[in-house]
Amino acid sequence: MIRPDGRRLDGRRPDEIRELKIKIGILENADGSAYVEQGNTKIYAAVYGPREVHPRHLALPNRAIIRCRYHMTPFAVEERKSPAPTRREIELSKVIREALTPAIIVEHFPFSAIDVFIEVINADGSTRCASIIAASVALASAGIPMRDLVAACSVGKINGVLVLDVTDIEDKYGEVDMPFAMMPNKNEITLLQLDGVLSLEEIEKAISMATKACKEIYEKQKSALKEKYIELRKAVEESAKT
Amino acid sequence: MPIYVKDWDLVVPGEVLAEGDYVAGPYVYKEGNKLLATTIGIVESKRGVIRVVPLQGPYIPKVGDVVIGIVIDYLPTAYVLDINSSYKAILQATEVLPFQKNALAEDLSKYLDVGDVVICKIVRFDKYSDVVVSCKGRELGKVVDGRLIKVSPAKIPRLIGRKGSMINLIKKETGCKIVIGQNGFIWIKGKDPGSEVLAEKVIRKIAEEAHVSGLTQRVQLMLQLEKGVDV
Amino acid sequence: MIPKLKKQQIMDLLSSGRRIDGRELEDLRSVEIKCQCVKNAEGSAEVRLGKTLAIAGVKTSIGTPFADTPNTGVMIVNAEFLPIASPTFEPGPPDENAIELARVIDRGLRRAEMIDLKQLCIVPGKAVWEIWIDIHALNHDGNLMDASALAAVTAILMAEIPKAVVNEKGEVTIDKSEKQKLPIKNIPITVTIAKIGDKLVVDPNLDEEEVSDAFLTATFVNDKVCAIQKRGEKGLTMEETMKALQMARQKARELLKIVKGVVGSE
């Protein structure tokens, strides 16, 4: 899976991430939303809140609760997946929630809930990382106060080489899958999982690689958030000239 | 003491705005030596205080705010209002009932029905209980005509303008009565539907262009052009 | 709700290098392992980590292999957090915490290749051994993860499965008279480190769990890491992460010795 020239199946170098497209605000009913494409992985994320908590007994008196639902559509994967939540989706909903919560200033909204919904419509590896990229900008676009955005990237190992942003095939036939997410300005890791064997030295190297990639991804998230405002500003300034 | 941004710069959460002895204003926090933004918004820095004016965000109730609510439910002696917030507002029935009528004995829906729009003022809120509102006062109470529109609560300060300059401009040029709820609901009543439509159009433009400086001139221009067409 | 006073007490003690139950930051609680305590299970183990108690049982059955691995045995890990273990657990199917725990332990076992699943093929493409590992929390006083992992690993090491006999017609029968151990390749050990304020502690008890900012669980095999799970609502710096992994690796070596000692003497 690593070609003789050192490139991967899709031509990327080991430390190269796939092309990332981020669009903000495409789901109009939500308070904030984003659509992310990372290679063939395609994800919608929507944020509702802060809003009233139902059932009431789940509310906390000193902060908002964050709820997250990661879900894959039946047609997102090669063999149709039942729409009912699987154990994997339940675990991923939890780890994604725990990847985003450190960034959200929940103390501002006691007795409320901030709900994050993620729908994977096509899965080609690293879906939880792409979900975090999407959910984080959806939260920011809703105006929910945050300490930082959260950027995410996976690290894999193929033929002994550490690679960034694994595709489905690289995950299935590779040796390692290490999903990673961080707050890029605060330099804090908010998601870290490992499925596969790595030495401590390799883990340290993998974290460094992923950190660098996350800072790149953060710049893209920033541009995506500012895009519509900047374009509007340009349009207004143009028409003011005429 | 480096500052990395200037007024009117657009920032996102986590962006480092400055380092050093600056004071963190609203929507800015300090970590160690750095000042970071907590929301998507516009930078405003004055006399060593750096703040971010948000372009989006939920309404956080504040005592003294004028808010517009919609009746959604009844309690034994009060009405429950939706005020476009994760907190509901409670309006005591005694505010609406005629003097000496007993709230427990009355059919509350006779005075305010589900779906009614009420302009009120927040009299109590401490984040740990529902918002308590009052509708006793000038310009407060149920509204029966006009139209209700909704904008992002973050845009309300821009809509009002410095000392009310923006909203007064709109009122004057359109001849409409306008009540702005801090919670993002705005009530407009004009002499004719045309002026209400114009007022709404202007309000939406302000909300969309809140982050582009020179808004007041653009609004004045728009009002003149639109009124010119009407005449 | 944990009283503020308690959190303050825990933090104050930590800054002078001690914990609320008298341990040092890098100390495990007392470990007690009881093997083969359940007669009807092929393998079983009860682990007491301080006051936390977890029990794991291994059951085997004959089933069909997965289509993409026709000659490989099947391993399934399940965990239940039932009301018996804590006033905070509610009856019902496993919640996200129980599911997460089961999946983390499963990944640790699988990636360490603890059970050599390739040796569990009976009739290629048709019949393989299914190894069911069920973990039940019996008393939750913190760090169910490590107690459960230890119980699962010990139960697997002690498990004795019957022999599968294939006749000329290709039919499979079970011969209970002849038992053998499961084919073991490696022994994975799981250790959880909790971050409280800016301190890292090994094997948090319940009070410590309730005031922790984040947890790092790592499973070690032959001094390498085969599974990691960061849990909790706050983040960790890279330095904290690497330090936690080093602390955990040290503890994993200690626990491995304990497990080998217990299993060896059986």
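The following paragraphs examine the structure supplied in this document. Being a predicted model, the structure only gives us computed values, none of them experimental.

Describing the interface of chain A and chain C
Each partner contributes residues to the interface: chain A has 31 residues there, and chain C has 33 residues. Both faces considered, chain A and chain C share a buried interface measuring about 3100 Å² in area, 55% of it formed by carbon and sulfur atoms. The tally of links between chain A and chain C comes to six salt bridges. The salt bridge partner of A:Arg63 is C:Glu233, with a shortest N-O separation of 2.9 Å. Inspection of the region where chain A meets chain C yields 19 residue pairs in polar contact (both at pLDDT 80 or more). Mapped onto the side of chain A that touches chain C, the elements with two or more residues apiece are α1 (87-100), β9 (188-198) and α4 (200-241) of chain A. For the side of chain A that touches chain C, the leading source of residues is β9(A), giving eleven residues. Pairing analysis gives four bridges linking β9(A) to strand β12 (residues 224-231) of chain C, with the strands arranged antiparallel. In the sheet register, A:Leu198 faces β12(C), and the bridge partner there is C:Val225.

Structural notes on the sheet that holds strand β4 (residues 65-72) of chain A
Paired through their backbone hydrogen bonds, the strands of a sheet run either parallel or antiparallel. Residues and elements named next belong to chain A. One open sheet accounts for five strands, arranged β1-β2-β3-β5-β4; its pairing is mixed. Among the strands making up the open sheet, the edge pair consists of β1 (20-24) and β4. Between one strand axis and the next, the sheet turns by 15° as a mean value, whatever way the strands run. In terms of strand pairing, strand β3 (residues 41-52) meets strand β5 (residues 112-122) through nine bridges, oriented antiparallel. Looking across to β5, one finds that Ala46 is bridged to Phe117. The strands touched by α1 within the sheet are β4 and β5, with β4 carrying the most contacts at an inclination of about 135°.

Thresholds, definitions, all that
- Residues numbered from 1 in each chain as written.
- Chains lettered and ligands numbered in written order.
- Predicted model: local features only at pLDDT ≥ 70, side-chain atom pairs only at ≥ 80, totals over all residues.
- Heavy atoms only, no water.
- Contact = heavy atoms within 4.5 Å.
- Buried area = accessible area lost by both parts, 1.4 Å probe.
- Salt bridge = Lys/Arg side-chain N within 4 Å of Asp/Glu carboxyl O.
- Polar contact = N/O pair within 3.5 Å; in protein donor to acceptor, adjacent residues only side chain to side chain.
- Helix = DSSP H or I, 4+ residues; strand = E, 2+ residues; numbered from the N terminus.
- Pairing = 2+ DSSP bridges.
- Axes fitted to C-alpha atoms, helices over the stretch in contact; angles between N-to-C directions.

Worth remembering: the numbers are spatial, not functional.
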